[in-house]
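What follows is each chain in one-letter form.
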Amino acid sequence: MRTSNVRRNQRRSGFTLLEILVVVGIIALLAAFVVPNFINAGDRAKISLCQSQVKDSGPISSAIDTFHLEVGRYPKELSELTQKPDDEEEAKKWSGQYIKDAASLKDPWDHEFKYAAPGKVREGSYDLWSMGPDGQDGSDDDITNYVKAK
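Since the model is a prediction, treat every value here as computed from it, not as a measurement. (Residues numbered from 1 in each chain as written. Predicted model: local features only at pLDDT ≥ 70, side-chain atom pairs only at ≥ 80, totals over all residues. Heavy atoms only, no water.)

A. Examining the nonpolar core more closely. Judged by nonpolar contacts, the single largest core of 19 residues is most densely connected at Ile60, Ile64, Leu78, Leu81, Tyr98, Phe113 and Leu128. Of all the elements in the fold, those that place two or more residues in this core are α2 (17-54) and α3 (59-71). If you tally residues by element for this core, the top one is α3, at 5 residues. (Core = buried A, V, L, I, M, F, W, Y, C linked by side-chain atoms within 4.5 Å. Buried < 20%, exposed > 50% of the residue type's maximum accessible area, 1.4 Å probe, protein only. Helix = DSSP H or I, 4+ residues; strand = E, 2+ residues; numbered from the N terminus.)

Right, here's the structure in full:
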C-alpha cells in the first residue's frame, strides 16, 4: 500500500506540457495587450507636454504675452524672448529674459517651435505651433495654440 502512494507522488511531481502551454499562452495574450500601451506611452507623454507648452496658458505663450505687454509689440521671432532687442527704445522696455533657456524653444522632438506674428489663423494675435512627431509642417499631427480648420 505504501509503495503505490510513493509511485503516485513521483509521477505527479511536475507540470504537464499542456499546463505549461496554457500558462505561456495566457502570458503571451496579456503581453499582446500590455506591451503596445507601454510603447506608445512615451509618444503620448511628448504630445501632452507639447500641448501644454503651446497652449495660451503655457510657458512660451506666457512669455510672448509678457513681451507684448512690456515692449508694446509681439516678438518678430521667438529668439527675442531670450535676447534683448537692438532698438534702444525697445531695449529700455525689455525686462527679459522671458524664457531662461533657448533650448526651451524646442519641442519634445527637438524641433524649433514655429511662430507667426501677426497670426495667420489668430489675426490680431500670434500663432504658435509644433510640427509634431513627424517633423513635417502643415501635417495632421501638428500641435497648435489655435483650432485647425478641417
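B. Expanded view of a nonpolar patch on the surface. A cluster of nonpolar side chains, Leu18, Val22, Ile26 and Leu30, forms an exposed patch at the surface whose accessible area comes to about 410 Å². With respect to the helices and strands, Val22 occurs in helix α2. (Patch = residues over 30% accessible without salt bridge, like charges linked within 9 Å, V, L, I, M, F, W, Y side chains within 5 Å. Areas by Shrake-Rupley, 256 points an atom, 1.4 Å probe, with all protein chains shown as cover. Salt bridge = Lys/Arg side-chain N within 4 Å of Asp/Glu carboxyl O.)

C. Broad picture of the sheet that holds strand β2 (residues 127-130). One open sheet accounts for 3 strands, arranged β1-β2-β3; its pairing is antiparallel. Edge positions in the open sheet fall to β1 (114-116) and β3 (143-144), since each of these has one partner strand only. Pairing analysis gives 3 bridges linking β1 to β2, with the strands arranged antiparallel. Within β2, the position partnered with Ala116 by the bridge is Asp127. (Pairing = 2+ DSSP bridges.)

D. Spotlight on the packing of aromatic side chains. One pass over the full model with this rule turns up 4 aromatic pairs. With centroids separated by 5.6 Å and ring planes inclined at 85°, the aromatic side chains of Trp94 and Tyr98 adopt a geometry described as edge-to-face. Taken together, the aromatic side chains of Phe67, Trp94 and Tyr98 make up a single cluster linked through ring pairs. Stacked on the ring of Tyr126, the Lys or Arg Arg122 has its end atom at 5.7 Å from the ring centre. (Phe/Tyr/Trp six-rings, centres within 6.5 Å; stacked < 30°, edge-to-face > 60°. Lys NZ or Arg CZ within 6 Å of the ring centre and 35° of its normal.)

E. Region of interest: the pattern of salt bridges. Tallying each qualifying case throughout the model produces 5 salt bridges. With a shortest N-O distance of 3.9 Å, Lys106 and Asp110 are connected by a salt bridge. Taking relative accessible area as the criterion, Lys106 reaches 30% and is therefore assigned partly exposed. Residue Asp110 is classed as exposed on the basis of its relative accessible area, which comes to 52%.

F. Geometry of the environment of Ile143. Inspection of the secondary structure assignment puts Ile143 in strand β3. Ile143 sits 89 residues away from Val54 along the chain, and the two C-alpha atoms are 7.7 Å apart. With sequence-adjacent residues up to four places away left out, Ile143 is seen in contact with Ile47, Cys50, Gln51, Val54, Trp109, Leu128, Trp129 and Ser130. (Contact = heavy atoms within 4.5 Å.)

Purely geometric numbers; function is a separate question.
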